[in-house]
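Report on the structure
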Amino acid sequence: MILKDLEKYNQIVIQVHDSPDADAIGSGYAIYRYFKSKGKDVRLVYGGKFLISKSNMKLLISQLDIPVEYVTQLDNPELLITVDCQYGQGNVKHFEAQNVAMIDHHSTGKESDGMAEIRNHLVSCATVCYALLKEAGYDVNADISVATALYYGLYMDSNQLSEISHPFDRDMVDFLKYDKSLVTRLRYANFNLSELQVAGVAILNREYDEKNHYAILKAEPCDPNILGLIGDIVIQVDAIDVSLVYNQCEGGYKLSIRSCSLEVAANELMHFITMKIGNGGGHIDKAGGFISETKFANAYPNETIEYYLTKKMNEYYEGYDVIYSGTGIEDRDKFKRYQKQKLVVGFVKMSDLFENGTECKIRTLEGDVIVKSSKDIYLMIGYNGEVYPLEREVFEQRYTEISGKYDKEFEYAPSIINLEENKPYDLMGYAKPCMAMDNTIVLARPAKKYTKVFTIWEYETYMAADAGDMICYRESDERDVYVVKKDIFEKTYKEI
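Report on the accompanying structure. (Residues numbered from 1 in each chain as written. Predicted model: local features only at pLDDT ≥ 70, side-chain atom pairs only at ≥ 80, totals over all residues. Heavy atoms only, no water.)

**Some words on the pairing of strand 23 (residues 432–436)**
By the bridge criterion, 4 bridges tie strand 15 (residues 344–349) to strand 23 in an arrangement that is antiparallel. Note on strand 23: the bridge partner recorded for V344 is M435. Pairing analysis gives 3 bridges linking strand 20 (residues 399–401) to strand 23, with the strands arranged antiparallel. Within strand 23, the residue paired with Y399 across the bridge is A436. (Pairing = 2+ DSSP bridges. Helix = DSSP H or I, 4+ residues; strand = E, 2+ residues; numbered from the N terminus.)

So this is what it looks like as structure tokens:
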């Protein structure tokens, strides 16, 4: 579904879930403004048992003049669009409508007649709406109230940006022109005295592991952002490198991680803890996640959540290897020789984009990479849209440029940001096709367990390999160690 598909309707009601939060209000308001700009008869509503009462939400609505209405009935509108929720779910007041569409980022619910845009890999519904508005050609930054509402929705639903991982999330943070003074006011309108007491009790009852320097804290039920606040305080203790704060919430457990350890990325640790029983994401220093109560009970019927979290923390610390590229490979006898298959991939000469020395950030699904522009650096666009820098000399040894246009489509078109201008450039517009030569040889072995590879490039953190992913290095330079995901390696290399 795209927004233009819905422009054939004239009477439109946008409904957010009961007791709406910042993500629901911000997302609903952005979609409301889009259809208002198209001259539609449009309303923004919510139902349920309770009126909006939280101080930050009342401030957001009043300062941005958001026309959200509390309703108990609707007169069978021509089109009902549920935003940050799904029609027929328990947290959405049921209203009859002639047609129903849905915009959401949650994975549950039923879809209606194909008019649904549910992107459950995105951390907030605001991100979904941002992507839809961008695809529709709507300039979000032309209206500061819309940009502010979307930013604050992302901010709140991602635990103060600690859980963002997708490039669309990161684009919003970098490029939305929002009202910073209002967001600052909203940030300091989130907590009350009872929540301060929740934080104090959790800190007093912490559990601390002296060997690995981590702390686990259990908090009473509260706003999820309180968990991040507690973590921010705890991580400032000199003896604590990693903190995990959690509490029970509706349907499961909410988690927040903070890390100041070079070898422990918060987002990776969160993924390890929530794997198969929940979800999580974020940054190298802060991350948030959720564990489903049902999935946890089915997977670990004889364990308490307290025991499980301590067990997983210890398993994590005991379960990974570390490779530092600069020191070279020690276990060479375990590596086998592979040849890169003749697949067409893309490449971009950095000198075609920027002046020499320009500091840039490569943005892809795999994360952000910092690199300085140079005529001797090329950017490779891999099989799944992954981007990585490569020295021109190495490119000329391993690849041959071919004629034609490189126009492969990916879920997220890889981009590069000029950090001096804070301006993004679409790499696909500059990409050319190339093919690996027969003499492109690497040595590789599968990782037996989690392995953290610190590369020679200026990545924000280590590259992480799951068990089965391939640890690789160039035959001509054992210091150039990197990770290739198992599925990509199987498609792009063959053993020789």
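**Some remarks on the sheet that holds strand 2 (residues 41–46)**
Here 6 strands make up an open sheet; going across it, the order is 3-2-1-4-5-6 and the pairing parallel. In this open sheet, the two strands that pair with only one neighbour each are strand 3 (68–70) and strand 6 (116–118). Taking each pair of neighbouring strands and ignoring which way they run, the sheet shows an average axis angle of 25 degrees. Two elements, strand 5 (residues 100–104) and strand 6, share 3 bridges in a ladder whose sense is parallel. Bridge assignment links D104 to a residue of strand 6, and that residue is I118. With respect to the sheet, helix 3 (residues 125–135) is in contact with strand 4 (79–83), strand 5 and strand 6, its orientation differing from that of strand 5 by roughly 115 degrees. (Axes fitted to C-alpha atoms, helices over the stretch in contact; angles between N-to-C directions. Contact = heavy atoms within 4.5 Å.)

**Looking at the nonpolar core**
Ranked by size, the top nonpolar core spans 64 residues in total, and within it I81, I103 and L150 carry the most contacts. In contact with L150, not counting residues within four places along its chain, are G26, S27, A30, A126, C129, L133, V140, M172 and L176. (Core = buried A, V, L, I, M, F, W, Y, C linked by side-chain atoms within 4.5 Å. Buried < 20%, exposed > 50% of the residue type's maximum accessible area, 1.4 Å probe, protein only.)

**A word on the side chain of D171**
Here D171 lies in helix 5 (residues 167–175). Excluding anything up to four places from it in sequence, D171 contacts Y130, K134, L176, R363 and Y412.

**What about helix 5?**
Along an α-helix, residues three or four apart share an orientation, since each turn contains 3.6 residues. Among the 9 residues of helix 5, 7 are classified as buried, and the element is accordingly described as predominantly covered. Among the residues of helix 5, P167, F168, D169, R170, D171, M172 and F175 are the ones counted as buried.

**Side note on the environment of L3**
Inspection of the secondary structure puts L3 in the segment before strand 1 (11–16). Along the chain, L3 and D466 lie 463 residues apart, while their C-alpha atoms are 38 Å from each other. If we skip the residues at most four places from it in the chain, L3 touches I31, Y34, F35, I103, L132, L133 and A136.

**Remarks on the layout of surface pockets**
Each pocket or cavity is described by its volume, and for the second largest pocket that value is around 550 Å³. Around the second largest pocket sit 25 residues that line it, and Y130, K134, D171, F175 and P424 are the ones nearest its centre. Counting only elements with at least two residues in the lining of the second largest pocket, the list comes to helix 3, helix 5 and strand 22 (423–426). The element contributing the most residues to the lining of the second largest pocket is strand 22, with 4 residues. (1 Å grid on protein atoms, 1.4 Å probe; cavity = no way out; pocket = protein on both sides within 12 Å on 5 of 7 lines; lining within 4 Å. Points joined across faces, edges and corners; volume = space filled by probe spheres on them.)

**Examining the pairing of strand 28 (residues 477–484)**
The buried count for strand 28 comes to 6 of 8 residues, which makes it a mostly enclosed element. Relative to strand 28, strand 27 (residues 470–474) is paired through 5 bridges, and the arrangement is antiparallel. Residue pairing for strand 28: C472 is matched across the bridge by Y482. Counted between consecutive antiparallel strands, the loop separating strand 27 from strand 28 contains 2 residues.

**Quick look at the packing of helix 1 (residues 22–37) against helix 4 (residues 144–157)**
Following both chains from N to C, one finds helix 1 and helix 4 inclined at 150 degrees, their axes separated by 7 Å at the closest point. One way to sum up the angle between helix 1 and helix 4 is to call them roughly antiparallel. In the packing of helix 1 onto helix 4, the handedness of the crossing is left-handed. For the pair helix 1 and helix 4, contact is made by A22, D23, G26, S27, Y29, A30 and R33 and by S145, V146, A149, L150, Y152, G153, L154, M156 and D157, respectively. By residue class, the composition of the contact of helix 1 with helix 4 is 9 nonpolar, 4 polar and 3 charged. (Parallel < 35°, antiparallel > 145°, perpendicular 65-115°, else oblique. Left-handed = near helix turned anticlockwise from the far one by under 90°. Nonpolar A, V, L, I, M, F, W, Y, C, P; charged D, E, K, R; others polar.)

**Comments concerning the sheet that holds strand 27**
If you walk across this open sheet you meet the 5 strands as 28-27-24-14-29, and the pairing is antiparallel. With one partner strand each, in any of the chains shown, strand 28 and strand 29 (493–495) form the two edges of the open sheet. Pairs of neighbouring strands in the sheet enclose a mean axial angle of 40 degrees, with direction left out of account. Examined bridge by bridge, strand 14 (residues 336–340) and strand 24 (residues 441–446) share 4 bridges and lie antiparallel to one another.

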